[in-house]
Amino acid sequence: MSGLLDRITLDPAIRSGKPVIRGTRITVSDILEYLAGGMSHEEILADFPDLLEDDIRAALLFAAERERRLFSTS
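Computed from a predicted model, the values in this text were never measured in an experiment.

(A) Just the overall build of the protein, in detail. Secondary structure summary: the protein contains three helices and two strands in total. Along the chain direction, N to C, the helices and strands of the protein fall in the order β-β-α-α-α. For 74 residues, the compact-globule formula gives about 11 Å, and the C-alpha radius of gyration of the protein, at 12 Å, lands near that figure. Principal-axis analysis of the C-alpha atoms gives the protein an extent of 40 × 30 × 25 Å.

Set out below in structure tokens:
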């Protein structure tokens, strides 16, 4: 599963350093907002042909890991 996280990159020159899907300008938060808004994986992939199913899974895993780190240090 950790290999999925290799799909996420942080670069200050891209989207102000927000976590993005490697090789795109699509942020993790963009994907999470689309999912929260009710879009299916299939709809997201149709709207963004550069994305793969594993990119969506990587965004979810990244968010879960960030949440785990946030609360494990409290």
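Structure shown, so let's carry the discussion forward.
(B) Summary view of the nonpolar core. Core analysis: the biggest nonpolar cluster contains 14 residues, and Ile8, Ile31 and Leu51 have the highest contact counts within it. Of all the secondary structure elements, the ones that give two or more residues to this core are helix H1 (28-36) and helix H3 (53-72). The greatest single-element share of this core, amounting to five residues, is contributed by H3. If near-sequence neighbours (up to four positions away) are discounted, Ile8 is found in contact with Pro19, Val20, Ile21, Val28, Ala58, Ala59 and Phe62.

(C) Representation of a negative patch on the surface. Residues Glu42, Glu43, Asp47 and Glu53 make up a contiguous surface patch of negative charge. Considering every element that reaches the negative patch, the biggest residue donor is helix H2 (residues 41-47), with three residues. Within the fold, Glu42 resides in helix H2. Assessed through its relative accessible area of 57%, Glu42 is described here as exposed.

Conventions adopted
- Residues numbered from 1 in each chain as written.
- Predicted model: local features only at pLDDT ≥ 70, side-chain atom pairs only at ≥ 80, totals over all residues.
- Heavy atoms only, no water.
- Helix = DSSP H or I, 4+ residues; strand = E, 2+ residues; numbered from the N terminus.
- Rg over C-alpha atoms; globule rule 2.2 N^0.38 Å.
- Core = buried A, V, L, I, M, F, W, Y, C linked by side-chain atoms within 4.5 Å.
- Buried < 20%, exposed > 50% of the residue type's maximum accessible area, 1.4 Å probe, protein only.
- Contact = heavy atoms within 4.5 Å.
- Patch = residues over 30% accessible without salt bridge, like charges linked within 9 Å, V, L, I, M, F, W, Y side chains within 5 Å.
- Areas by Shrake-Rupley, 256 points an atom, 1.4 Å probe, with all protein chains shown as cover.
- Salt bridge = Lys/Arg side-chain N within 4 Å of Asp/Glu carboxyl O.
- Lys, Arg positive; Asp, Glu negative; His and termini not counted.
- Charge placed at Lys NZ, Arg CZ, Asp CG, Glu CD.

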